[in-house]
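Commentary on secondary and tertiary structure
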Amino acid sequence: MARILSLAAAVSELIGDGDTVALEGFTHLIPVAAGQEIIRQRRRELTLVRMTPDIVYDQMIGAGCARKLVFSWGGNPGVGSLHRFRDAVQHSWPVPLVIEEHSHAGMANRYVAGASGLPFAVLRGYAGTDLPGVTDTIKAITCPFTGEQLAAVPALNPDVTVIHAQRADRHGNVQLWGLLGVQKEAVLAARRSLVTVEEIVEELTPMPGAIVLPAWVVDAVAEVPGGAHPSYAQGYSDRDNAYYAAWDAIARDRGEFTAWVDRHVHETSGSRA
């Protein structure tokens, strides 16, 4: 059953150096506070997994947490590039970064395979692309029934999946709604899971389109109001567009970035920066 812990205690217990860690959330409910706590605890040599790495992964890469990124798109939504990601790939600063690139469909199907206990997923989505030539985890496979040439990708089973949700009850059952990505599949595929939530309530009340992750698939819940900022949490907070725009200038310069991390992450213990 899920335990209710502080964010610092949950990260300390569940995430170690060298782990494969997925922080999922598709423009909405992105677990930014958890990512910054990983920076604060100076985790190193992580393989970071995410369908759409945006500024929280830019921060983690720039802070030296990552050795590898498994992803399907990377950028500052509506603004431009991730400059810390680019610097790590092009100039190995602060440490070299290995990349493994897939399509959105490929990543989603890899999580589904992992959640289903299957060794790989099969899809058509890579036909006509260059990705199989640069990503060695995409293999050609022949359908045994039709002879069609398809692509196989290995299951994703992160050591730890971290997501943000609107609420949990005191037993550790988690409820989230609104624009969802692969949070459910990423949690079910993982060996361990941490969910940060806007609030802990006595009872989960039904919400249109909501999904519930039962306590038995969650290791720890941490109450972190605003834990998705600057992304949004439907019913609780709006997207902070100014933050995304301001990040571009901060991330362009190594010195400016380092000063920002020191000021807003290492010198604080709050849930937001």
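Look up: the structure comes first, before these words.
A few points on the structure. (Residues numbered from 1 in each chain as written. Predicted model: local features only at pLDDT ≥ 70, side-chain atom pairs only at ≥ 80, totals over all residues. Heavy atoms only, no water.)

Comments concerning the packing of aromatic side chains
The line we're drawing: The aromatic pairing rule takes the rings of Phe, Tyr and Trp, using the six-membered ring of Trp, and pairs them if the centres are within 6.5 Å, calling planes under 30 degrees apart stacked, those over 60 edge-to-face and the rest tilted. Labels follow the DSSP assignment, with helices taken as runs of H or I lasting at least four residues and strands as runs of E lasting at least two, numbered in each case from the N terminus. For the exposure calls, accessible area comes from a 1.4 Å probe over protein chains only, and a residue counts as buried if that area is under 20% of its type's maximum, exposed if over 50%, partly exposed in between. A ring has a charge above it when a Lys NZ or an Arg CZ is no more than 6 Å from the ring centre and no more than 35 degrees off the ring normal.
Tallied over the entire structure, the rule returns 4 aromatic pairs. Aromatic side chains Trp 247 and Phe 257 sit 6.0 Å apart centroid to centroid with 80° between the ring planes, which places their arrangement in the edge-to-face category. Note that Trp 247 is positioned in helix H8 (residues 241-252) and Phe 257 in helix H9 (residues 254-266), a separation of 10 residues in sequence. Like Phe 257, Trp 247 is buried. Following the ring pairs from residue to residue traces out a cluster consisting of Trp 247, Phe 257 and Trp 260. One Lys or Arg, Arg 84, reaches over the ring of Phe 257 and ends 5.9 Å from the middle of that ring. The aromatic ring of Tyr 244 is capped on one face by Arg 239, whose charged end is 3.8 Å from the ring centroid.

Brief notes about the pairing of strand S13 (residues 220-223)
Put simply, the test is: A pair of strands is treated as paired once DSSP finds two or more bridges between them.
Pairing analysis gives 2 bridges linking strand S1 (residues 3-4) to S13, with the strands arranged parallel. Bridging across to S13, Ile 4 finds its partner in Val 221.

Some remarks on the pattern of salt bridges
Threshold: Should a side-chain nitrogen of Lys or Arg be within 4 Å of a carboxyl oxygen of Asp or Glu, the pair is scored as a salt bridge.
Evaluated as defined, the whole model comprises 12 salt bridges. Between Arg 254 and Asp 87 there is a salt bridge, and its shortest N-O distance comes to 2.7 Å. Of this pair, Arg 254 sits in helix H9 while Asp 87 sits in helix H4 (residues 83-91), placing them 167 residues apart in sequence. The shortest N-O distance in the salt bridge between Arg 124 and Glu 148 comes to 2.6 Å. One end of the pair, Arg 124, is in the loop between strand S6 (120-123) and helix H6 (131-134); the other, Glu 148, is in the loop between strand S7 (139-142) and strand S8 (149-154), and 24 residues separate them in sequence. Look at Glu 148 and you get partly exposed, because its relative accessible area is 28%. Here the salt bridges do not stand alone but share partners, grouping Lys 68, Glu 100 and Arg 110 into one network.

Quick word on the pairing of strand S5 (residues 98-101)
Keep this limit in mind: A crossover counts as right-handed when, viewed with the strands pointing away from the observer, the path leading from the first strand over the helix to the second turns clockwise.
Judged from the 4 bridges that link them, strand S4 (residues 66-71) and S5 form a sheet pairing that is parallel. Bridge pairing in S5 places Val 70 opposite Glu 100. Remark: the S4/H4/S5 crossover connection has right-handed handedness.

Re the nonpolar core
The following threshold applies: By nonpolar core is meant a set of buried Ala, Val, Leu, Ile, Met, Phe, Trp, Tyr and Cys residues that side-chain atoms within 4.5 Å join together.
The biggest cluster of nonpolar side chains holds 44 residues, and the ones touching the most others in it are Ile 15, Leu 48, Met 60 and Leu 194. Core analysis: the second largest hydrophobic core is formed by 17 residues, Ala 2, Ala 165, Ala 168 and Val 195 among them.

Remarks on the environment of Gln 166
Heads up, the rule is: Note on definitions: a residue-residue contact is assigned when non-hydrogen atoms from the two residues lie within 4.5 Å. In protein, a polar contact requires one atom able to donate a hydrogen and another able to accept it; more generally it is a pair of N or O atoms within 3.5 Å, and residues adjacent in sequence count only if both atoms are side-chain atoms.
Considering the arrangement of structural elements, one finds Gln 166 in strand S9 (residues 160-169). Excluding anything up to four places from it in sequence, Gln 166 contacts His 28, Leu 29, Gln 175, Leu 176, Trp 177, Val 197, Glu 198, Glu 199, Gln 234 and Tyr 236. Engagement of the side chain of Gln 166 in a polar contact is seen with the backbone oxygen of Trp 177, the distance being 2.9 Å. At 3.2 Å, the side chain of Gln 166 and the backbone oxygen of Gln 234 are in polar contact.

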